[in-house]
Amino acid sequence: MTARNSHGIVRYMSTTAPTVIPGPTADRISELRASLDPTQPDSFASFGAEAEAAIDAARAPLAQADASRISQDARTDLDQIATTARALDPRGLIPRRGLAGLFDSRGGRLKRTREAFLNVDRQLAQSAGNLKARASALTARATQLDPAQEAIRQPIVDLGAWIEAGRQRLSDAAAEAAEGEIAPRARLSERLEGLAAKRMSALAHLPLARVMQNADVVAAARLEEASAAIETWRADCRKGLGLDGKRKRKVQPDPAEMAALTTRLTRALDRAGQALSDGTARRKAAEGRLAAFTAAVGPRADAE
């Protein structure tokens, strides 16, 4: 769910418990320890493979490729909406000067402006629906991250059990090897380092997902506001042009007031665009931190 702070900024209130990962049970560690034969070093490479696969499967839903695509599509929509809205130029209501003004009646100017509005109105009606759909998709994405974060907790616990079981068996593996070969203990130690890196990388995905949740829910709220602003603009323009009833009303639209309507709409579109930009920047920063962390713990952390 979402809430606004004292500054009106939307924040996502996750229903997931704080990121506290319990340790594995002694029974599970003992079970895995018994399954590891220190005299069979060729089996070390697959030790913990099922736990690694579970981590990868649970981590996949935390990826944000779809959220990035939604944001890009929404940005395209906003730019198109702004261009479309500006196509309704209220200056067309102002009498032209010179010879052109001799054949320029108020009724003619109003008719042309109404026709221009109706063309713009049809396009913006669809655009408002598109923005609401993008907002709903981002909100759904943020909501789906809660169970995704919860789903990765148990694989992290399980992987911890494999690592601890391997460490307990480490001293049982031979420390020496024939010339040109790697000692069993070194092979097992290397495997455990890879598993530990995988586990740390999985842990790092949890705060990353929370950052992305907050960014996406703020962007969704701004898109909802932009969609509402479009509907307001359409209704106000209809009223100003005398098109809000079953029949056209005789009106004398104020060009300045019509321009002000578009200005207010543009500001709402700008706020939505800024939220999308901020979200993209936060997402890239979080992904950069994760990439740096993964590089620090070793390439094995991202091995599939």
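This text goes with the structure placed above it.
Computed from a predicted model, the values in this text were never measured in an experiment. (Residues numbered from 1 in each chain as written. Predicted model: local features only at pLDDT ≥ 70, side-chain atom pairs only at ≥ 80, totals over all residues. Heavy atoms only, no water.)

Draft legend 1. Main features of the packing of helix H2 (residues 49-59) against helix H4 (residues 106-170). Closest axis-to-axis distance for the H2/H4 pair is 9 Å, and the angle between their directions is 165°. As judged from the angle between their axes, H2 and H4 are roughly antiparallel. As H2 runs across H4, the sense of the crossing is left-handed. Contact residues: H2 offers Glu50, Ala51, Glu52, Ala54, Ile55, Ala58 and Arg59, while H4 offers Ala148, Ala151, Ile152, Pro155, Ile156, Leu159 and Trp162. (Axes fitted to C-alpha atoms, helices over the stretch in contact; angles between N-to-C directions. Helix = DSSP H or I, 4+ residues; strand = E, 2+ residues; numbered from the N terminus. Parallel < 35°, antiparallel > 145°, perpendicular 65-115°, else oblique. Left-handed = near helix turned anticlockwise from the far one by under 90°. Contact = heavy atoms within 4.5 Å.)

Draft legend 2. Seen up close, the packing of helix H1 (residues 26-35) against H4. Contact geometry for H1 and H4: axes closest at 8 Å, N-to-C directions at 55°. Here H1 lies oblique to H4, going by the angle between them. For the crossing formed where H1 meets H4, the hand is right-handed. Taken together, the residues of H4 that come into contact with H1 (itself represented by Arg28, Ile29, Leu32, Arg33 and Ala34) are Ala161, Trp162, Glu164, Ala165, Gln168 and Arg169.

Draft legend 3. Spatial organisation of the packing of aromatic side chains. Applying the stated rule across the entire model yields two aromatic pairs. Centroid distance Phe47 to Trp162: 4.9 Å. Interplanar angle 70°. Geometry classified as edge-to-face. Here Trp162 lies in helix H4 and Phe47 lies in the loop between H1 and H2, a separation of 115 residues in the sequence. An angle of 45° between the planes, with centres 6.0 Å apart, marks the rings of Phe117 and Trp233 as tilted. Of this pair, Phe117 sits in helix H4 while Trp233 sits in helix H5 (residues 184-240); the two residues are 116 residues apart in sequence, bridging distant segments of the chain. Given the relative accessible area of 0%, Phe117 is considered buried. (Phe/Tyr/Trp six-rings, centres within 6.5 Å; stacked < 30°, edge-to-face > 60°. Buried < 20%, exposed > 50% of the residue type's maximum accessible area, 1.4 Å probe, protein only.)

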